[in-house]
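Architecture at a glance
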Amino acid sequence: MPSHRFDQAKPFAALGIVVLAWILLPVAVKSFLRSALYEVQAPIAVSASYARDLQDYWAERAQSKNDLLTAGRELRRIYSGYEFEAQQTEALRAEVARLEQLLRLPSNPQYRLEPARIARRDFSGWWQQLVIRKGANYGIPVGAPVVFGGGVVGRVREVHAYTAVVDLITSPTVRLAANLEGDARPVSYQGGINLPFFLSAARGVVEFVPPDVFASAKSPKRLVTSDLGGVFPAGLTIGWVTRLEASADGLFKGGEVALDPRLSELSEVTVLVPLNPT
């Protein structure tokens, strides 16, 4: 009978030995093993992403010629608008450079735009992150801003050989200096505790809002990035403040920020890689 009980306890004893060995391992060895395991698993997610792209390609090939012609006309219209906006942007950049030289102001940090496809999304109660198909092989650094057409996506947390992990703006680990549109006074934004995106809309938290500012669901205020101590360029959309109420001390206000619902549907993002990392 005792021998039978010992046989049943063998799996638990082996598990205990493995856990104890893991605890006693040096931190450097743990980091190496974790990185090695990630690099082994990364090709699986990347391969699945390429397979989805191939599936989308053949699905598009099945479209009728009329649909393709309509899409082509729409793309030409959009391209014409972007071409005009690009010319305006170049003129504004030239004017900014002239004023910086005239007033002897330091130049704003410049970025290289690195588009990247999304290989995997992790939107759960524990993780709010993306895995993109570019990493150290494209010079992407840890902490680089990640954006899309609607504003801020998040920030690069980990960089591996061929992939990078991006903390979404919904994650509680992301905190940004921000401004309310048209108001130069700084406020603080932080991601909140979000349910999976298919269960509820993504939201964040705004703090240290001056008491004379008001916002509601019927009259929201746009929250944008600030250039005070952050890696993001100023003026990028974070979200819309839909509720404000006085804090416990009565000195400031805090509230909720509604984030772009397209965050859960992104297939491609842009990483802003600093040209001068210092």
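Moving on, we come to the overall build of the protein chain. What the protein chain contains, in helices and strands, is three helices and twelve strands. The buried share of the protein chain, reckoned over its 278 residues, is 32%. Contacts spanning at least 24 positions in sequence make up 57% of the contacts within the protein chain whose residues lie at least 6 apart. Split by element, the accessible area of the protein chain, about 18200 Å² in all, is 62% carbon and sulfur.

Here we come to helix α3 (residues 65-103). With 39 residues, α3 should reach 57 Å at 1.5 Å per residue; the first-to-last C-alpha distance of 56 Å fits that figure. Note on α3: the residue one or two positions beyond its end, Arg-104, has a positive phi of about 60°.

Here the focus is the pairing of strand β8 (residues 203-209). Here strand β7 (residues 186-191) runs beside β8; their pairing, made up of four bridges, is antiparallel. When the bridges of β8 are listed, Gln-190 appears paired with Val-205. Across five bridges, the pairing between β8 and strand β11 (residues 253-258) is antiparallel. Opposite Val-206, over in β11, you have Gly-255 as the bridge partner.

Another aspect to go through is the pattern of salt bridges. Two side chains that carry opposite charge are able to pair once their charged atoms sit near each other. Scanning all chains against the criterion turns up 17 salt bridges. Note that Glu-74 and Arg-77 form a salt bridge whose closest N and O atoms lie 2.4 Å from each other. Placement of the pair is Glu-74 and Arg-77 together in helix α3, with a separation of three residues, close to one helical turn. As a salt-bridge pair, Arg-243 and Glu-256 come within 3.4 Å of each other at their nearest N and O atoms. Pair noted here: Arg-243 is in strand β10 (residues 237-246) and Glu-256 is in strand β11, with a separation of 13 residues, a long-range link. Accessibility expressed as a relative area gives 28% for Glu-256, which makes it partly exposed. Through salt bridges that share partners, Arg-203, Arg-243, Glu-245 and Glu-256 make up one connected network.

Spatially, the six strands close up into a barrel ordered β1-β2-β5-β4-β3-β12, and their pairing is antiparallel. Put simply, the sheet's adjacent strands are angled 45° from each other on average, direction ignored. By the bridge criterion, five bridges tie strand β1 (residues 111-123) to strand β2 (residues 128-132) in an arrangement that is antiparallel. Bridged to Asp-122 within β2 is Gln-129.

Scanning the entire structure with this criterion turns up one aromatic pair. Note on Phe-208 and Phe-252: the rings are 5.7 Å apart at their centroids and 90° apart in plane angle, and the pair reads as edge-to-face. Here the residue Phe-208 occupies a position in strand β8, and Phe-252 occupies one in the loop between β10 and β11, the gap between them amounting to 44 residues. Of the residues examined, Phe-208 reaches a relative accessible area of 46% and is grouped as partly exposed. The side chain of Lys-134 reaches across the aromatic face of Tyr-138, ending 4.4 Å from its centre. Here Lys-253 stacks its cationic end above the ring of Phe-214, 3.7 Å away from the centre of that ring.

About the thresholds
- Residues numbered from 1 in each chain as written.
- Predicted model: local features only at pLDDT ≥ 70, side-chain atom pairs only at ≥ 80, totals over all residues.
- Heavy atoms only, no water.
- Helix = DSSP H or I, 4+ residues; strand = E, 2+ residues; numbered from the N terminus.
- Buried < 20%, exposed > 50% of the residue type's maximum accessible area, 1.4 Å probe, protein only.
- Contact = heavy atoms within 4.5 Å.
- Areas by Shrake-Rupley, 256 points an atom, 1.4 Å probe, with all protein chains shown as cover.
- Expected span 1.5 Å × (residues − 1).
- Pairing = 2+ DSSP bridges.
- Salt bridge = Lys/Arg side-chain N within 4 Å of Asp/Glu carboxyl O.
- Axes fitted to C-alpha atoms, helices over the stretch in contact; angles between N-to-C directions.
- Phe/Tyr/Trp six-rings, centres within 6.5 Å; stacked < 30°, edge-to-face > 60°.
- Lys NZ or Arg CZ within 6 Å of the ring centre and 35° of its normal.

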